[in-house]
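Analysis of the macromolecular model
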Amino acid sequence: MNYISTRGNTPAKTFSQALLMGLAPDGGLMLPEHYPQITPAQLTHWRTLSYAELAFEVIRLFATDIPEADLRDIINRTYTRETFGSAEITPVRTLKDGIKIQALSNGPTLAFKDMAMQFLGNAFEYVLAKENQTLNILGATSGDTGSAAEYALRGKRGINVFMLSPDGKMSAFQRAQMYSLQDDNIINIAVRGMFDDCQDIVKAVQNDAEFKQRYCISTVNSINWGRIVAQVVYYIAGYLRATESNEQRVSFCVPSGNFGNICAGHIAKQMGVPIHRLIVATNENNVLDEFFRTGQYSPRDAAHTYVTSSPSMDISKASNFERFIFDLVGRDADQVQSLWANVAQGNGFNLQDKLDIIRQKYGFVSGSSTHADRLATIKSVYQTDGELIDPHTADGIKVARQLRESGETIVCLETALAAKFEATIHEAVGSVAVPRPAKLAGLEDLPQRVQVIDNDADVVKAIIRNKVGG
Ligand SMILES: *Cc1c(COP(=O)(O)O)cnc(C)c1O
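Residues numbered from 1 in each chain as written. Predicted model: local features only at pLDDT ≥ 70, side-chain atom pairs only at ≥ 80, totals over all residues. Heavy atoms only, no water.

So, on to the overall build of the protein chain. Tallying secondary structure elements over the protein chain gives 20 helices and 15 strands in all. By principal-axis analysis of the C-alpha atoms, the protein chain measures approximately 65 × 55 × 50 Å. Put simply, the protein chain has 470 residues, and 58% of those count as buried. The long-range share in the protein chain, meaning contacts at least 24 apart out of those at least 6 apart in sequence, stands at 75%. Accessible surface, the protein chain as shown: approximately 18200 Å² in total, 47% of it carbon and sulfur. In the protein chain, which carries 46 positive and 52 negative side-chain charges, the distance between the mean positions of the two groups comes to 2 Å. (Helix = DSSP H or I, 4+ residues; strand = E, 2+ residues; numbered from the N terminus. Buried < 20%, exposed > 50% of the residue type's maximum accessible area, 1.4 Å probe, protein only. Contact = heavy atoms within 4.5 Å. Areas by Shrake-Rupley, 256 points an atom, 1.4 Å probe, with all protein chains shown as cover. Lys, Arg positive; Asp, Glu negative; His and termini not counted. Charge placed at Lys NZ, Arg CZ, Asp CG, Glu CD.)

This part covers the UniProt feature "modified residue: N6-(pyridoxal phosphate)lysine" (unreviewed entry) in the protein chain. UniProt's entry tags K113 with the feature "modified residue: N6-(pyridoxal phosphate)lysine" (unreviewed entry), counted in the numbering of this structure. Apart from the residues within four sequence positions on either side, K113 is in contact with T145, A148 and R227. (UniProt positions renumbered as here; feature names shortened; annotations may be inferred.)

Here we take up the layout of surface pockets. One simple way to see leftover space: roll a probe sized like a water molecule over the atoms. Taken as a whole, the second largest pocket encloses approximately 210 Å³ of empty space. In terms of lining residues, the second largest pocket is bounded by E82, T83, P108, Y151, R154, S180, L181, K439, L440, A441, L443 and L446. For the lining of the second largest pocket, a count of residues per class yields seven nonpolar, two polar and three charged. (1 Å grid on protein atoms, 1.4 Å probe; cavity = no way out; pocket = protein on both sides within 12 Å on 5 of 7 lines; lining within 4 Å. Points joined across faces, edges and corners; volume = space filled by probe spheres on them. Nonpolar A, V, L, I, M, F, W, Y, C, P; charged D, E, K, R; others polar.)

According to the stated counting rule, one finds one cavity of 30 Å³ or more in the structure shown. Counted as a void, the largest cavity has a volume near 50 Å³. In terms of lining residues, the largest cavity is bounded by S256, G257, T282, N285, V287, L288, Y297, M313, I315, S316, K317 and A318. Residues that form the lining of the largest cavity fall into these classes: six nonpolar, five polar and one charged.

Attention shifts here to the sheet that holds strand 9 (residues 250-255). As summarised here, the arrangement of the six strands in space is 3-4-14-9-10-13, forming an open sheet in which the pairing is mixed. Edge positions in the sheet fall to strand 3 (92-94) and strand 13 (364-368), since each has one partner strand and no second. The sheet shows a mean angle of 25° between the axes of neighbouring strands, direction not considered. As paired elements, strand 3 and strand 4 (residues 100-103) share three bridges and run antiparallel to each other. By the bridge assignment for strand 4, V92 is matched with Q102. Contacts from helix 11 (residues 225-242) reach strand 3, strand 4, strand 9 and strand 14 (410-414) within the one sheet, and its direction differs from that of strand 9 by about 135°. Sheet strands touched by helix 13 (residues 287-294): strand 10 (275-282) and strand 13. Its angle to strand 13, the strand with the most contacts, is close to 135°. (Pairing = 2+ DSSP bridges. Axes fitted to C-alpha atoms, helices over the stretch in contact; angles between N-to-C directions.)

What follows deals with the nonpolar core. Within the largest apolar cluster, 111 residues are counted, with the highest numbers of intra-cluster contacts made by Y79, I236, F259, F291, F321, F324 and I325. In terms of residue count, helix 11 provides more of this core than any other element does, 13 residues in total. Other than its neighbours up to four places away in sequence, F259 contacts V280, L288, F292, A318, N320, F321, F324 and F364. Counting residues in hydrophobic clusters, the runner-up holds 23 residues, among them L95, I99, V365 and L375. (Core = buried A, V, L, I, M, F, W, Y, C linked by side-chain atoms within 4.5 Å.)

Bringing the packing of aromatic side chains into the picture now. Scanning all chains against the criterion turns up 26 aromatic pairs. Measuring from ring centre to ring centre gives 4.9 Å for Y235 and F252, while their planes differ by 65°; the resulting arrangement is edge-to-face. Of this pair, Y235 sits in helix 11 while F252 sits in strand 9, and the two are 17 residues apart along the sequence. You'll find Y235 and F252 in the same group, each marked buried. Every member of this aromatic cluster is reached through a ring pair, and the members are F259, F291, F292, Y297, F321, F324, W340, F349, Y362 and F364. Above the ring of F56, the side-chain terminus of R72 is found at 4.0 Å from the ring centroid. Between K461 and the ring centre of F211, over which it is positioned, the NZ or CZ distance is 5.6 Å. (Phe/Tyr/Trp six-rings, centres within 6.5 Å; stacked < 30°, edge-to-face > 60°. Lys NZ or Arg CZ within 6 Å of the ring centre and 35° of its normal.)

What follows concerns the packing of helix 6 (residues 113-130) against helix 11. In contact at an axis separation of 8 Å, helix 6 and helix 11 are set at 125° when each is read in the N-to-C sense. It follows that helix 6 is oblique to helix 11 by the angle criterion. Taken as a pair, helix 6 and helix 11 cross one another with a handedness that is right-handed. Residues K113, M115, A116, M117, F119 and L120 of helix 6 touch helix 11, and the partners they reach there are G226, R227, V229, A230, Q231 and Y234. (Parallel < 35°, antiparallel > 145°, perpendicular 65-115°, else oblique. Left-handed = near helix turned anticlockwise from the far one by under 90°.)

Our focus in this paragraph is the pairing of strand 10. Across the eight residues that make up strand 10, a large majority, seven, are buried. Across five bridges, strand 9 lies against strand 10 in parallel orientation. By the bridge assignment, V254 is partnered in strand 10 with V280. Considered for its hand, the β-α-β crossover made up of strand 9, helix 12 (residues 260-270) and strand 10 is right-handed. Looking at chain direction, strand 10 and strand 13 are connected through five bridges and run parallel. Bridging across to strand 13, I279 finds its partner in V365. (Right-handed = clockwise from strand over helix to strand, strands pointing away.)

Structure, rendered in structure tokens:
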């Protein structure tokens with residue numbers, strides 16, 4: 001299986017090569033040259049498999065350059081009860097109103113990003129060792145992504161992680177989660193400034209081509225193909241858990257920001273999994289909702305992106321969206337290039353004439369949720385089902401309830417646990433105790449390791465030089 005770029009000007013790559021890539025050199029995103037097709041007989045067989053066995057069967061279709069025994073080993077070490085809290089890994093439960101929730105947030109950082117990052121950490125380590133390479137991951141985080149990357153890459157051979165965060169701007173829980181890691185290859189750097197300053201430093205270092213090459217600087221952002229492929233697995237697992245036969249169809253409702261999560265759902269559907277609808281749920285940052293309702297895509301800049309109580313969805317330029325559009329326009333890379341040239345000029349684009357295909361063939365619909373909706377949904381689920389859901393998951397449930405058709409089975413993806421967002425939970429239901437997994441008891445009391453620096457890219461470069469040598 002070869003990988004191609006959505007912009008059409010990158011030579012074909014293997015899975016292992018695509019895994020280590022961020023953006024393609026032509027500015028596009030990597031995708032397999034075709035989607036493997038799953039037969040009904042395969043699906044029936046997969047009903048009997050454990051999560052790790054299923055992950056192996058799915059990922060092997062894409063990772064054809066990794067020997068099967070090695071791939072099986074990587075996956076068996078990744079999807080364990082120890083890491084994800086249950087033998088099912090992503091258990092599916094049903095609310096009193098019939099809507100199902102697939103739990104994706106029982107990994108180390110209590111958010112769905114662990115599902116893919118944990119795989120990526122082990123796969124990176126394997127590929128780097130094989131090619132005798134090292135990698136220095138440089139990232140900026142306002143909380144969630146950075147911690148998922150650190151927990152996935154801690155202690156991995158051949159990899160250092162330099163993670164910038166805005167000094168004093170994260171919650172005590174988020175700080176403790178990242179800064180309490182004592183692994184030698186995890187370097188936490190708190191910058192006196194805002195999240196945007198951290199991002200600017202990452203860009204400045206990346207733009208120093210000589211430094212970037214000399215120190216093998218890379219990133220693990222949401223456009224990485226390895227993350228998408230690992231996510232395809234849980235859509236198939238969710239489908240199998242929510243059905244008894246392949247005649248049944250299931251819709252997924254997905255709290256969305258960068259379109260990375262639901263992009264994997266799109267791929268699962270294209271592989272032949274009987275998915276009925278893919279429901280995009282946004283918060284007040286509703287650029288994607290606008291597209292799926294009207295065909296108009298108008299990304300916004302940072303100044304027009306709201307700070308909301310579902311912060312991991314505060315995104316107005318969905319970095320993975322280009323993968324879906326590539327399929328939508330019949331994989332015409334020239335058209336993708338010209339659409340994104342419009343985006344680069346701040347104009348966006350209109351694909352109104354494709355709305356029928358978007359709905360009928362691809363199954364996409366959408367809705368959005370506000371702060372008031374979020375609080376009301378958290379409260380109503382608490383009252384009816386006695387459980388606390390996180391604000392992002394609440395956005396999904398609100399939209400699922402609104403768009404559900406009679407007889408439709410909807411699986412809402414649980415993208416985080418309530419424990420990460422206590423303040424919003426208390427606003428919704430009063431000061432009840434928010435349950436926290438036992439492994440995280442006393443997290444805030446652990447010793448922390450972080451260096452605080454001025455907002456200066458040269459200081460970050462010096463830290464990297466010191467650590468890596470040379
Ligand atoms: C990252 C994240 C999302 C958004 O996922 P995308 O892949 O960016 O669409 C939603 N909820 C939570 C809790 C997240 O961390």
